Amino acid sequence: MKKDLIFSPVLLLIGILLFLLRATGMTAHIAISVAGILVLVAYTVFTKKDWKVPALEVIMRVFYGLALITGIVIMNVHGIVALAIIHKASAALFVVLLVVLFGLKLVTAKRTMK
């Protein structure tokens, strides 16, 4: 649980910063997404044994990967609205699942402490 207290807020901050593309600019958006990959990989390595709902943990990471891949494609191919929708939806679902899973871990940890 201690590792989740470190990684989850950092990933949430990265997710929020990625939604602020107009404020940060494309160069920062790319750098933040690369930092997100590094944090997500470290988060996976350090917390894999503590996953409460493994399927949702994997799906959360898939959504980040989907957002990353569609973002790369959008940079090279312009004008495909479906890609933009998939990119934003998968990014939003990543953040939602991150918050839900972190909340679940907090509730579970609180119950076991009593």
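Residues numbered from 1 in each chain as written. Predicted model: local features only at pLDDT ≥ 70, side-chain atom pairs only at ≥ 80, totals over all residues. Heavy atoms only, no water.

Right, let's talk about the packing of helix α1 (residues 2-19) against helix α3 (residues 26-47) for a bit. Between α1 and α3, whose axes approach to 10 Å, the crossing angle comes to 160°. Looking at the two axes, α1 sits roughly antiparallel to α3. The element α1 and its partner α3 pack so that their crossing is left-handed. The segment α1 lies against α3, with Lys3, Asp4, Phe7, Ser8, Val10, Leu11, Ile14, Leu17 and Leu18 engaging His29, Ile32, Ser33, Ala35, Gly36, Val39, Leu40, Ala42, Tyr43, Phe46 and Thr47. Of the residues contributing to the contact of α1 with α3, the split by class is 13 nonpolar, five polar and two charged. (Axes fitted to C-alpha atoms, helices over the stretch in contact; angles between N-to-C directions. Helix = DSSP H or I, 4+ residues; strand = E, 2+ residues; numbered from the N terminus. Parallel < 35°, antiparallel > 145°, perpendicular 65-115°, else oblique. Left-handed = near helix turned anticlockwise from the far one by under 90°. Contact = heavy atoms within 4.5 Å. Nonpolar A, V, L, I, M, F, W, Y, C, P; charged D, E, K, R; others polar.)

Applying the stated rule across the entire model yields two salt bridges. A salt bridge links Arg61 to Glu57, with the shortest nitrogen-to-oxygen separation between them at 2.8 Å. Taken as a pair, Arg61 and Glu57 lie in helix α4 (residues 54-76) at a separation of four residues, close to a single helical turn. Here Arg61 and Glu57 have matching classes, each one buried. Between Glu57 and Lys105 there is a salt bridge; the shortest N-O distance is 2.8 Å. Separated by 48 residues along the polypeptide, Glu57 in helix α4 and Lys105 in helix α5 (residues 81-113) bring together distant segments of the chain. A relative accessible area of 2% means that Lys105 is categorised as buried. Connected through shared salt-bridge partners, Glu57, Arg61 and Lys105 make up one network. (Salt bridge = Lys/Arg side-chain N within 4 Å of Asp/Glu carboxyl O. Buried < 20%, exposed > 50% of the residue type's maximum accessible area, 1.4 Å probe, protein only.)

The values reported here are purely geometric and, on their own, carry no functional implication.
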